[in-house]
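# Chains, contacts and geometry: an overview
Single-letter residue listing:
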Amino acid sequence: MSMTLGAALYFVVWWLTLFIVLPIGVRTQGEEGDVVRGTPESAPSSICIGRIVLINTVVATIAFAILWLALTRGWVTVDMFDFTGLPPSSGQ
């Protein structure tokens, strides 16, 4: 795997894991009992972006390491997937 492909893959994994990590530990204004006028109760009351970025980076690095191992060790190859969209042939 080239450095460029590795960096691009890490970037994609990082953004995907962000959507998993983002809601962890967030308390809503409704839960806090202090809803700011003009905002929904489900809006976050406060957010610690530095903590979210740190947790996300750790999770993304672990996920990327597993994916990198799977690709470089041959556990997953492109040949395993059928990108044609056609049903398998019967071999006749």
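It should be noted that the structure appears before, not after, this text.
Residues numbered from 1 in each chain as written. Predicted model: local features only at pLDDT ≥ 70, side-chain atom pairs only at ≥ 80, totals over all residues. Heavy atoms only, no water.

## Considerations on the pattern of salt bridges
According to the stated counting rule, one finds one salt bridge in the structure shown. The partner of glutamate 32 in a salt bridge is arginine 27, with the nearest N and O atoms 2.6 Å apart. (Salt bridge = Lys/Arg side-chain N within 4 Å of Asp/Glu carboxyl O.)

## A closer look at the packing of aromatic side chains
Summed over the entire model, instances satisfying the criterion amount to three aromatic pairs. Judged by centre distance (5.5 Å) and plane angle (90 degrees), the ring pair of tyrosine 10 and phenylalanine 64 falls under edge-to-face. In this pair, tyrosine 10 sits in helix 1 (residues 3-21) while phenylalanine 64 sits in helix 3 (residues 49-72), placing the two residues 54 residues apart along the sequence. The class of tyrosine 10 is partly exposed, set by a relative accessible area of 24%. On the basis of relative accessibility, which here comes to 17%, the residue phenylalanine 64 falls in the buried class. (Phe/Tyr/Trp six-rings, centres within 6.5 Å; stacked < 30°, edge-to-face > 60°. Helix = DSSP H or I, 4+ residues; strand = E, 2+ residues; numbered from the N terminus. Buried < 20%, exposed > 50% of the residue type's maximum accessible area, 1.4 Å probe, protein only.)

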